Amino acid sequence: MLTHHLTEATLQEYSVGALSKAMETLIACHLTVCPHCRHRAQLHDAVGGVMLDRIEPATVQTLPQNIIERASQQAELTKTKPLEDDLSSRNTNGIPRPLARLLPAPIDQLKWRTIAPGLKQFNLTNQPRKDGAFKLISAAPGLSMSEHTHKHRELTYIVCGSYSDKFGQFNAGDISDLDDDDLHEPVVDSEIPCISLIATDAPVKFSGMMGKVIQPFIGI
Amino acid sequence: MEPTLQESTKLAEQASINERMQRNLLAIASDRDETAFADFYAYFAGRVKSFLMGKGMNEDTSEELVQEIMITVWRKAQSYDPGKAAASTWLFTIARNRRIDYLRGNSRIEVELDDYMLEEDDTVVSQEASLNLIQQSSILEKTLTKLPQDQQQVMHLSYYRGLSHGDIAQWLSIPIGTVKSRIRLAMQTMRSEFSEQESE
Ligand SMILES: [Zn+2]
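Residues numbered from 1 in each chain as written. Chains lettered and ligands numbered in written order. Predicted model: local features only at pLDDT ≥ 70, side-chain atom pairs only at ≥ 80, totals over all residues. Heavy atoms only, no water.

1. Things to note about the overall build of chain A
Working step 1: A tally of regular secondary structure across chain A gives seven helices and eleven strands.
Working step 2: In chain A, buried positions account for 56% of the 220 residues.
Working step 3: Across chain A, every contact between residues at least 6 apart in sequence was considered, and the portion connecting residues at least 24 apart equals 68%.
Working step 4: Counting every atom, chain A has about 10,000 Å² of accessible surface; 53% of that belongs to carbon and sulfur. (Helix = DSSP H or I, 4+ residues; strand = E, 2+ residues; numbered from the N terminus. Buried < 20%, exposed > 50% of the residue type's maximum accessible area, 1.4 Å probe, protein only. Contact = heavy atoms within 4.5 Å. Areas by Shrake-Rupley, 256 points an atom, 1.4 Å probe, with all protein chains shown as cover.)

Dropping the structure here:
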């Protein structure tokens with residue numbers, strides 16, 4: 001049973017197409033497992049449709065007949081999903097496809113990098129840290145993350161295991177959608193490591209002592 | 001608040017256009033109806049172009065993208081489900097995705113409907129209970145025009161200028177939290193208008 005969902009503001013930005021690919025991936029993971037948010041998302045697209053209706057039209061040069069001609073000249077483009085065969089033979093257990101497509105190996109065989117005792121990460125982007133993070137984090141049972149706030153926004157999707165903070169317990173499929181000023185201190189409370197997918201718009205500012213030490217290395 | 005006579009007339013007009021556009025899509029899908037396509041194109045092509053240009057795309061690129069988007073309409077009309085979305089909603093998603101594709105060089109990441117992880121919606125909505133989508137669009141349109149000015153402003157900047165909430169905050173020199181709460185309030189109003197109509 002999912003208890004933590006996407007905020008209205010995040011669904012809206014997803015609908016208009018103002019988010020990064022990393023944020024989209026994370027949102028699509030939650031939408032895969034959450035019919036409730038999929039249903040909510042429909043209203044945002046419907047508003048987009050109404051906004052399109054209400055706009056003052058520009059002048060177009062092309063005639064509709066030309067479109068039909070062009071369509072018949074072009075070969076039918078078939079959308080390929082190249083990773084499909086690969087995916088079915090892999091252990092993608094519990095991982096929605098938008099994320100599974102990005103993994104070079106099953107999740108337990110990824111080349112995790114240890115960044116602190118009990119804490120490992122797998123980077124999903126090569127972009128510079130100032131442009132935001134996109135990574136998997138694996139945190140050992142009982143691990144407590146230093147208290148930190150977020151300069152912009154942090155989205156977290158729980159892949160497996162669970163953690164708790166002042167907002168409640170987060171289980172597989174749940175999403176933590178934190179606004180800029182939210183201060184939190186998550187503690188892993190599952191018996192297995194808690195693996196989560198994290199996307200941020202900008203680096204996080206740690207306020208705790210441990211945070212100050214590890215921030216340069218992990219940047220979450 | 002009751003709409004004025006003029007507003008009611010305008011809303012009724014829009015509703016009949018919405019219905020016609022839906023029929024057009026269905027005719028394209030079933031009969032490759034070129035007249036239906038021409039009518040759909042006449043109404044929407046200029047709107048899609050304006051929509052793209054409003055987000056900072058130049059005229060030539062916008063014109064080119066409109067063509068591609070309309071080719072998609074012609075080809076993919078079969079995938080339009082009138083029970084799921086209004087014609088304008090369907091077109092909005094195609095235009096949005098094509099724009100992202102163009103700007104980023106890769107597609108918008110979406111739910112894959114054949115994903116074995118997909119959790120099906122078990123709340124079955126009966127035909128009678130689910131509101132007619134044409135009505136839905138009219139309600140949305142009416143509600144949208146009645147939103148407080150500050151909420152309309154952020155909706156405008158988001159949908160028509162393509163700004164992120166962070167950009168809107170900078171643009172208006174207000175905290176990002178204020179932008180988000182205005183968006184939230186606007187959407188809450190529209191949601192509640194919906195459920196009100198549904199329970200009537
Ligand atoms: Zn949800």
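Alright, that's what it looks like, and here's the rest.
2. Remarks on the domain arrangement of chain B
Residues and elements named next belong to chain B.
Working step 1: Its domain assignment divides chain B into domain 1 (1–110) and domain 2 (147–200).
Working step 2: Distance between the C-alpha centres of domain 1 and domain 2: 22 Å.
Working step 3: Contact with domain 1, which involves four residues of that partner, is made by five residues of domain 2.
Working step 4: Summed over both sides, the interface between domain 1 and domain 2 buries roughly 360 Å², with carbon and sulfur atoms accounting for 54% of that surface.
Working step 5: The largest share of the area that domain 1 buries against domain 2 comes from Phe51, Gly54 and Lys55, three residues that together contribute 81% of it.
Working step 6: On the surface where domain 1 and domain 2 come into contact, there are zero salt bridges.
Working step 7: At the junction of domain 1 and domain 2, the tally comes to two residue pairs in polar contact (both at pLDDT 80 or more).
Working step 8: Its residues assigned to classes, the side of domain 1 that touches domain 2 shows two nonpolar, one polar and one charged. (Domains from an automatic or database assignment. Buried area = accessible area lost by both parts, 1.4 Å probe. Salt bridge = Lys/Arg side-chain N within 4 Å of Asp/Glu carboxyl O. Polar contact = N/O pair within 3.5 Å; in protein donor to acceptor, adjacent residues only side chain to side chain. Nonpolar A, V, L, I, M, F, W, Y, C, P; charged D, E, K, R; others polar.)

3. Here we look at the coordination of the zinc ion
Residue and element names in this part refer to chain A.
Working step 1: Within the protein, the zinc ion binds to His5 (ND1), His30 (NE2), Cys34 (SG) and Cys37 (SG); these donor distances fall in the range 2.0 to 2.3 Å.
Working step 2: Taken together, the four donor atoms coordinating the zinc ion and their angles of 98 to 119° define a geometry best described as tetrahedral.
Working step 3: Between consecutive donor residues of the zinc ion, the sequence gaps follow H-x24-H-x3-C-x2-C.
Working step 4: A relative accessible area of 2% places cysteine 34 in the buried class.
Working step 5: Overall, the relative accessible area of 0% leaves cysteine 37 in the buried class. (Donors = N, O, S within 2.8 Å, 3.2 Å for Na, K, Ca; no water. Tetrahedral: all angles 85-135°; square planar, octahedral: opposite > 155°, others 65-115°.)

4. Topic: the packing of helix 1 (residues 5–31) of chain B against helix 2 (residues 34–54) of chain B
All names here are of chain B.
Working step 1: As a packed pair, helix 1 and helix 2 sit with axes 8 Å apart at the nearest point and diverge in direction by 135°. Between helix 1 and helix 2, the crossing angle belongs to the class labelled oblique. Read as a crossing pair, helix 1 and helix 2 show a hand that is left-handed. Across the interface between the two elements, Gln14, Ile17, Arg20, Met21, Asn24, Leu25, Ala27 and Ile28 of helix 1 pack against Ala36, Phe37, Asp39, Phe40, Tyr43 and Phe44 of helix 2.
Working step 2: Here the contact of helix 1 with helix 2 is composed, by residue class, of ten nonpolar, two polar and two charged. (Axes fitted to C-alpha atoms, helices over the stretch in contact; angles between N-to-C directions. Parallel < 35°, antiparallel > 145°, perpendicular 65-115°, else oblique. Left-handed = near helix turned anticlockwise from the far one by under 90°.)

5. With respect to the interface of chain B and chain A
Working step 1: In this assembly, 72 residues from chain B lie in contact with 63 residues from chain A.
Working step 2: Buried area between chain B and chain A, both sides added, is near 6,400 Å², and the carbon and sulfur share of it is 58%.
Working step 3: Our count for the chain B to chain A interface comes out at eight salt bridges.
Working step 4: Scanning the region where chain B abuts chain A turns up 35 residue pairs in polar contact (both at pLDDT 80 or more).
Working step 5: Those elements that place two or more of their residues in the side of chain B that touches chain A are helix 1, helix 2, helix 3 (59–76), helix 4 (87–104), helix 5 (133–146), helix 6 (149–161) and helix 8 (176–199) of chain B.
Working step 6: With 13 residues, helix 2 of chain B is the single largest residue contributor to the side of chain B that touches chain A.

6. Brief notes about the environment of leucine 183 of chain A
All names here are of chain A.
Working step 1: Mapped onto the elements of the fold, leucine 183 is located in the loop between strand 8 (175–178) and strand 9 (187–188).
Working step 2: Relative accessible area serves as the criterion here: at 29%, leucine 183 is assigned to the partly exposed category.
Working step 3: With 18 residues separating them along the chain, leucine 183 and aspartate 165 place their C-alpha atoms 9.8 Å apart.

7. Let's talk about the sheet that holds strand 3 (residues 134–139) of chain A
Residue and element names in this part refer to chain A.
Working step 1: As summarised here, the arrangement of the six strands in space is 1-2-3-10-5-8, forming an open sheet in which the pairing is antiparallel. Edge strands, defined here as strands with exactly one partner in the open sheet, are strand 1 (113–116) and strand 8. Here the strands of the sheet are splayed against their neighbours by 25° on average, with no regard to which way each runs.
Working step 2: Across four bridges, strand 5 (residues 154–160) lies against strand 8 in antiparallel orientation. The residue bridging leucine 155 from the neighbouring strand is aspartate 177, located in strand 8.
Working step 3: Docked against the sheet, helix 2 (residues 21–33) engages strand 3, strand 5, strand 8 and strand 10 (194–200), running at close to 45° with respect to strand 5. (Pairing = 2+ DSSP bridges.)

8. Observations regarding the packing of aromatic side chains
Working step 1: Under the defined criterion, the tally for this structure stands at ten aromatic pairs over all chains.
Working step 2: Relative to phenylalanine 170 of chain A, the ring of tyrosine 163 of chain A has its centre 5.0 Å away and its plane inclined at 15°; by these criteria the two rings are stacked.
Working step 3: Assessed through its relative accessible area of 6%, tyrosine 163 of chain A is described here as buried.
Working step 4: With relative accessibility at 3%, the residue phenylalanine 170 of chain A sits in the buried group.
Working step 5: On the basis of an interplanar angle of 70° and a centroid distance of 5.3 Å, the ring pair of phenylalanine 37 of chain B and tryptophan 74 of chain B is categorised as edge-to-face. Highlighted residues: phenylalanine 37 of chain B in helix 2 and tryptophan 74 of chain B in helix 3, separated in sequence by 37 residues.
Working step 6: The exposure class of phenylalanine 37 of chain B is buried, given its relative accessible area of 0%. (Phe/Tyr/Trp six-rings, centres within 6.5 Å; stacked < 30°, edge-to-face > 60°.)

9. Examining the side chain of glutamate 154 of chain A
Residues and elements named next belong to chain A.
Working step 1: Looking at the element boundaries, glutamate 154 is found in strand 5.
Working step 2: No salt bridge is formed by the buried glutamate 154. Its closest oppositely charged neighbour is lysine 135, at 9.0 Å.
Working step 3: Here the side chain of glutamate 154 touches threonine 156 through a polar contact of 3.5 Å, side chain to side chain. (Lys, Arg positive; Asp, Glu negative; His and termini not counted.)

10. Some points on unusual backbone geometry
Residue and element names in this part refer to chain B.
Working step 1: In this model, arginine 32 sits at a positive phi of 50°, which is unusual for a non-glycine residue.
Working step 2: Position of arginine 32 relative to the elements: it lies in the loop between helix 1 and helix 2.
Working step 3: Unlike most non-glycine residues, serine 173 shows phi in positive territory, near 55°.
Working step 4: Along the chain, serine 173 falls in the loop between helix 7 (165–172) and helix 8.

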